[in-house]
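Here is how the chains run, residue by residue.
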Amino acid sequence: MNTNAQAAALPDVVAAYIEAVNAFDADAVIATFADDAVVNDASREFAEPASIRAWLDREIIGDKVTMDPAETSRHGNLTIVRARYDGTYDKTNLPDELVLTNYLTDAGGKITSLVIVHNQPSPY
């Protein structure tokens, strides 16, 4: 995995997504997604543009979520971003430092899928 110092190696659309999230700019976030994109957050799937926008408005922009990328890697058209998350969301039963892994695929300059996972340490 690369460190945050190498975040410039992110595809432009992934960097734009993170920048738009951190700016609380819903229109700019939506502009990074393909029309047929799929988002899976906390095992909930959003596969229609209206449902992605509702998720975004309520749980990302509405909760003032910010992402601080800690590690990044690229595998073909898959970008993996481990980021520290913060915001005004309910933090009950969450660790003091919440690190979520974002798996983003892109094609044609747009995000085609985003999966956000709270990974557990591997036992191996």
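Counting of residues starts from 1 at the beginning of each chain's written sequence and follows it residue by residue. Only residues with pLDDT of 70 or above have their local features reported here, since the model is predicted, and side-chain atom pairs are shown and tallied only from 80 upward, although totals for entire chains, interfaces and linings are computed over all residues. No hydrogens and no water enter the side-chain calculation; it runs on all heavy atoms of the structure.

1. A short note on the layout of surface pockets
Think of a 1 Å grid over just the protein atoms. A cavity is a set of points where a 1.4 Å probe fits yet cannot get out, a pocket is an open set with protein on both sides within 12 Å along at least five of seven lines, and lining residues have an atom within 4 Å of a point. Grid points are joined across faces, edges and corners, and a volume is the space filled by probe spheres set on the points. In this structure, the largest pocket encloses a volume near 350 Å³. Along the walls of the largest pocket sit 16 residues, with Asp41, Ala42, Glu59, Leu98 and Leu100 positioned nearest its centre. The numbering of helices and of strands both runs from the N terminus, where a helix is a DSSP run of H or I of at least 4 residues and a strand a run of E of at least 2. Counting residues per element, the ones that place at least two in the lining of the largest pocket are helix 3 (49-61), strand 6 (98-107) and strand 7 (110-117). By residue class, the composition of the lining of the largest pocket is ten nonpolar, one polar and five charged. For this classification, Asp, Glu, Lys and Arg are treated as charged, while Ala, Val, Leu, Ile, Met, Phe, Trp, Tyr, Cys and Pro are nonpolar and the rest, including Gly, are polar.

2. Some details on the packing of aromatic side chains
The rule is short: rings of Phe, Tyr and Trp, with Trp giving its six-membered ring, pair when the centres are within 6.5 Å, and they are stacked under 30 degrees, edge-to-face over 60, tilted in between. Counted by the stated rule, this structure contains two aromatic pairs. Taking 5.9 Å as the distance between ring centres and 80 degrees as the angle between the ring planes, the aromatic pair formed by Tyr17 and Phe33 counts as edge-to-face. Of the two residues, Tyr17 is situated in helix 1 (residues 12-22) and Phe33 in strand 2 (residues 33-41); the sequence distance between them amounts to 16 residues. By definition, being over a ring means that NZ of Lys or CZ of Arg is both within 6 Å of the ring centre and within 35 degrees of the ring normal. Sitting over the ring of Phe24, Lys64 keeps its end group 5.5 Å from the ring centre. The ring of Tyr89 has Lys91 sitting right over it, with the charged end atom 5.3 Å from the ring centre.

3. Topic: the pattern of salt bridges
By convention in these notes, a salt bridge is any Lys or Arg side-chain nitrogen within 4 Å of a carboxyl oxygen on Asp or Glu. All told, the structure shown has eight salt bridges when counted by the stated rule. A salt bridge links Asp106 to Arg74; its shortest N-O distance comes to 2.6 Å. Remark: Arg74 occurs in strand 4 (residues 66-75) and Asp106 occurs in strand 6; sequence separation between them is 32 residues. For every residue, the accessible area (1.4 Å probe, protein chains only) is compared with the maximum for its type, and the residue is labelled buried under 20%, exposed over 50%, or partly exposed between those bounds. Judged by its relative accessible area of 13%, Asp106 is buried.

4. Here's the deal with the environment of Trp55
Turning to its location among the elements, Trp55 is positioned in helix 3. The spacing of Trp55 and Val39 is 16 residues in sequence and 9.2 Å in space, taken between C-alpha atoms. The criterion used for residue contact is that any of the two residues' heavy atoms lie within 4.5 Å. Once you skip the residues sitting within four places of it in the chain, Trp55 turns out to touch Tyr17, Val39, Asp41, Arg44, Phe46, Ile60, Leu114 and Ile116. Two N or O atoms form a polar contact when they lie within 3.5 Å of each other; inside protein one atom must be a possible hydrogen donor and the other a possible acceptor, and for residues adjacent in sequence the pair counts only when both atoms belong to side chains. A polar atom in the side chain of Trp55 sits 2.9 Å from the side chain of Asp41.

5. Side note on unusual backbone geometry
Of note, Ser43 is a non-glycine position whose phi angle comes to about 65 degrees, a positive value. The residue Ser43 is located in the loop between strand 2 and strand 3 (44-46) in this model. Its identity as a non-glycine residue notwithstanding, Lys64 has a phi of 50 degrees, on the positive side. Residue placement: Lys64 occurs in the loop between helix 3 and strand 4.

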